[in-house]
Amino acid sequence: MNQMMGLHKVYHRLTILSLFPLCPPPLFPSLKLSRFTLGHLRTHHSANSARLRSIMAAATSRLGNLVSATSFVAEDGGGGSNVSVNSSTGTSTLDDALGGKYQLPPPEIKDIVDAPPLPALSFSPQRDKILFLKRRSLPPLAELARPEEKLAGMRIDGKCNTRSRMSFYIGIGIHQLLPDGSLGPEKEVHGFPDGGKINFVTWSLDGRHLAFSIRVDEEDNSSSMLRVWVADVETGKARPLFQSQDVYLNAVFDNFVWVDNSSLLVCTIPSSRGDPPKKPLVPSGPKIQSNETKNVVQVRTFQDLLKDEYDEDLFDYYATSQLVLVSLDGTVKEIGPPAVYTSMDPSPDQKYLLISSIHRPYSFIVPCGRFPKRVELWTTDGKFVRELCDLPLAEDIPIAFNSVRKGMRSINWRADKPSTLYWAETQDEGDAKVEVSPRDIIYTQPAEPLEGEQPEILHKLDLRYGGISWSDDSLALVYESWYKTRRTRTWVISPGFKDASPRVLFDRSSEDAYSDPGSPMMRRTPSGTYVIAKIKKENDEGTYVLLNGIGATPEGNIPFLDLFDINTGSKERIWQSDKEKYFETVVALMSDHKEGDLYLDQLKLLTSKESKTENTQYYIQSWPDKKACPITNFPHPYPQLASLQKEMIRYQRKDGVQLTATLYLPPGYDPSKDGPLPCLVWSYPGEFKSKDAAGQVRGSPNEFAGIGPTSALLWLARRFAILSGPTIPIIGEGDEEANDRYVEQLVASAEAAVEEVIQRGVAHPGKIAVGGHSYGAFMTANLLAHAPHIFCCGIARSGAYNRTLTPFGFQNEDRTLWEATSTYVEMSPFMSANKIKKPILLIHGEEDNNPGTLTMQSDRFFNALKGHGALCRLVVLPFESHGYAAYESIMHVLWETDRWLQKYCVSNASDVGTELDACKCDANKDVTDSENKAAAASGGGDPELEDFEHQGFHPVPRSLL
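Attention here is on the structure that accompanies the text. Here the structure is a predicted model, which means the values were calculated and not measured. (Residues numbered from 1 in each chain as written. Predicted model: local features only at pLDDT ≥ 70, side-chain atom pairs only at ≥ 80, totals over all residues. Heavy atoms only, no water.)

Topic: the sheet that holds strand E16 (residues 263-268)
Two modes of strand pairing occur in sheets, parallel and antiparallel, and in both the strands are linked by backbone hydrogen bonds. Taking strand neighbours across the sheet as the criterion, the seven strands line up as E15-E16-E17-E18-E19-E20-E21 in an open arrangement whose pairing is antiparallel. The open sheet terminates on both sides in strands that have one partner only, identified here as strand E15 (256-260) and strand E21 (384-391). Sheet twist, expressed as the mean angle between neighbouring strand axes with direction ignored, is 35°. Pairing of strand E20 (residues 373-379) with E21, which is carried by six bridges, proceeds in the antiparallel orientation. Residue Lys373 lies in a different strand from E21, and its bridge partner there is Leu391. (Pairing = 2+ DSSP bridges. Helix = DSSP H or I, 4+ residues; strand = E, 2+ residues; numbered from the N terminus. Axes fitted to C-alpha atoms, helices over the stretch in contact; angles between N-to-C directions.)

Focus on the sheet that holds strand E41 (residues 627-630)
The sheet built from four strands is open, its strands ordered E37-E39-E40-E41 with antiparallel pairing. Since the sheet does not close on itself, it has two edges, and those belong to strand E37 (582-589) and E41, each with one partner. Within the sheet, the average angular offset between the axes of one strand and its neighbour, ignoring direction, is 35°. Judged from the six bridges that link them, strand E39 (residues 604-611) and strand E40 (residues 617-622) form a sheet pairing that is antiparallel. Considered in E40, the bridge of Lys604 is made with Ser622.

What to know about the pattern of salt bridges
According to the stated counting rule, one finds 48 salt bridges in the structure shown. Between Glu108 and Arg718 there is a salt bridge, and its shortest N-O distance comes to 2.8 Å. Of this pair, Glu108 sits in helix H4 (residues 107-114) while Arg718 sits in the loop between helix H8 (691-694) and strand E46 (721-724), and the two are 610 residues apart along the sequence. Look at Arg718 and you get buried, because its relative accessible area is 16%. Across the pair Lys129 and Asp128 runs a salt bridge whose closest N-O atoms are separated by 3.4 Å. (Salt bridge = Lys/Arg side-chain N within 4 Å of Asp/Glu carboxyl O. Buried < 20%, exposed > 50% of the residue type's maximum accessible area, 1.4 Å probe, protein only.)

Observations concerning the nonpolar core
With 61 residues, the main nonpolar core has Leu723, Tyr742, Phe791, Ile840, Phe861 and Leu865 as its most contacted residues. Of all the elements, helix H9 (residues 742-759) adds the most residues to this core, at nine residues. In contact with Phe861, other than residues within four places in its own chain, are Ala781, Tyr801, Pro829, Phe830, Ala833, Ile836, Ile840 and Leu842. Membership of the second largest hydrophobic core comes to 40 residues, among which are Val113, Leu680, Ala712 and Leu901. (Core = buried A, V, L, I, M, F, W, Y, C linked by side-chain atoms within 4.5 Å. Contact = heavy atoms within 4.5 Å.)

Examining the packing of aromatic side chains
The final tally for this structure, using the stated rule, is 21 aromatic pairs. Judged by centre distance (5.9 Å) and plane angle (85°), the rings of Phe315 and Phe371 are edge-to-face. With Phe315 in helix H6 (residues 309-319) and Phe371 in the loop between strand E19 (352-358) and E20, the pair connects residues that are 56 residues apart, well separated along the chain. As far as burial versus exposure is concerned, Phe315 and Phe371 are alike and both buried. Taken together, a centroid distance of 5.0 Å and an interplanar angle of 85° make the contact between Tyr317 and Tyr318 edge-to-face. Taken as a pair, Tyr317 and Tyr318 share a single burial class, namely buried. Members of the aromatic cluster, each reached through a chain of ring pairs, are Phe253, Phe315, Tyr362 and Phe371. Sitting over the ring of Tyr317, Arg273 keeps its end group 4.1 Å from the ring centre. Its guanidinium or amino end placed over the ring of Phe560, Arg573 lies 4.0 Å from that ring's centre, counting from NZ or CZ. (Phe/Tyr/Trp six-rings, centres within 6.5 Å; stacked < 30°, edge-to-face > 60°. Lys NZ or Arg CZ within 6 Å of the ring centre and 35° of its normal.)

Now the structure itself:
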């Protein structure tokens, strides 16, 4: 179960950060987050920040090397004559682009992307105040260009001693949540340096203070080291936490945590640390790796790994921290020796610290998450209690999905106890291919057990352990799942009653969205942990919980809240989204700020509400009358598209599989008057074990159309029809491997989608383009190779095209190249480069660190295409990773995409009817050949997705991590 399914919706206009302990912001906000003006909250008087407005206004004028380009229609044969010309050279913008200058997209696209972002929201522990964490617009390329160290699977900004490319907030506003649901005037946190970059904002347990880090820009365009600051919530006044100016935060791994209401445990840079180690001019010897012991070690294509002894020393230099306990009154105490600490977690009773660290020997083939790991128990004043485990280097975790590390894992504090630990241990040596029962055992033990007291077995599982939601001694929910069968189970246990037998509460397929019962809502405890919220009814002794579900149905998602009797299984639907016009969700429980029982008639929830044309707003909804009081009143983020048309459509693949997609049409479009439009199809394939699950409807027709800075929906402003997310299910039922029929199913899904939009009369048959990112780019290239009759051109961003370069598995494939050679080869569009005759635009970040999608993939694919005379273009974005972040890069990607669509889609004049007849035969032959060759392939699997594009964080209770 996904505990807070509605908490972090990347397409919402608002980010809720802090109904749980506030995590650090992601490395640059997810590229799907849309952005628009701040300062439109329901307040008693205006609270706009002039400083913030000036920063936002400057964002669009700071980049003098960008060349505006509105259209290439004239150049491409048709339309107007508005090609931009460089006045000093007389060359067109196309020449500038070919010469490597950054470009700007047409104004109708640029204006949407340029809108400033919304703040993130953070609620106080007492639910009486809200923080508005203010963001800046897209970062300039200069920030990405700063030097970074690529070490052990991480990228480190040595100047700041943090992960590189880290986003930040530019201001913090505090609002009182008034009894009538409105917000009081903004109180801005002040006292820190102008231009300070804010990270890691956290509330103290009593809600009276905030802690956060500050860094400032320096003259060489770098940022300073991070210092920890604290602010008084009542006054907004901020001050440095440490009296000394020489104490800096080390945020490579963990950063700081509130131990109690008046003290924090901080990872600091050791005061004795000198200059970074210098790389020897002459190496002491060759780089050697050996496997003379004949171990079987299969790993995915991890990037940014350690390469030599110098890298090991550099990693130690930046990652080593000194833990410091510091009080608000200025008292400072160093605890423990300097080490590479990766996490620190105080016990709920604030008496102990769970400390994790990594140590040598390091590895040159796996990232730091698999380095030797030591977990220890200390008192909060730094006294060593005991070592829980010291796990060896884990280079040999099998690639089969659901394989895990040997030994103790997922060590956590019980959320409902003062200081009780629990963890899981595998019984199959971590290898998912080993058949054994039980597969995992969950243990529990007090922080300081009595002499000779052994860990107690809490529960045994035959699938892979997935976490526990705690309530009390009478109730906890244990989750297990198995990817290969898509089976997921939820157990009810009574941790404090050994004679109570565990029982299965839910046993279902994770693919079956229609059967999802929802997730239990959690309440905050005074110690800052989160437990299952038990609900009481007047004159009723039943044990009830709240199940918050997305409510998938054949008509789309209709979120719900059920009052569920945990003992009898009976349920009562106490809230459900409007399904005629609006899409509403329950975001979080707001009546948990007081200790004691929670009664149904005193329930208070944070909910969201949106429609096709109305952007998301947030409400406080109170029982028993369920009155909803709005707390936000945001304007439409892109009024020029306010009347866009959206429809969830259903159609069928030729093998009978039901498919769905979301069709967007421009404002004011009338097919009977305007005729068919050029169309952009943007998608991403998915694997399924059953046809029924693949055909289920996901999403809601009433959800607001969120448009991020690289979204395909931007082309609604250019009068395109957009077919967003048409399902491309790759199905392998029973023992069949889905990828053995990948090409056949891919082509069939695309054909069905295109036939549907043509039949509706909204898409011109000869002007349909296809695009995708990462695995969607892989899809795009394959479609142009194997279904040239469907699309006029393609756009492939950050893809992998040669699967022999990822020989130990990719995406959801966990067979090796040697186990499924024909599948690897036939799925690789690189091997079919000679078949690609339609124009293809390849875009890739030069510093892509996503496993499997090395920049080399696009380089080599482009050379293969060029070697066969294909019409192709490769754009490599300096300093960009898997997802694109910098203003210049994103604007140029949009320019390139628009140019490609205008030239090879809008202006396409090919004879579609003739081409369709000629190409379908070839495509069908390809599919038949693929089927025959795939029949002998074998293997099996379970997912370790390679696509980390959307790394927006999901704040969840520690107990569920």
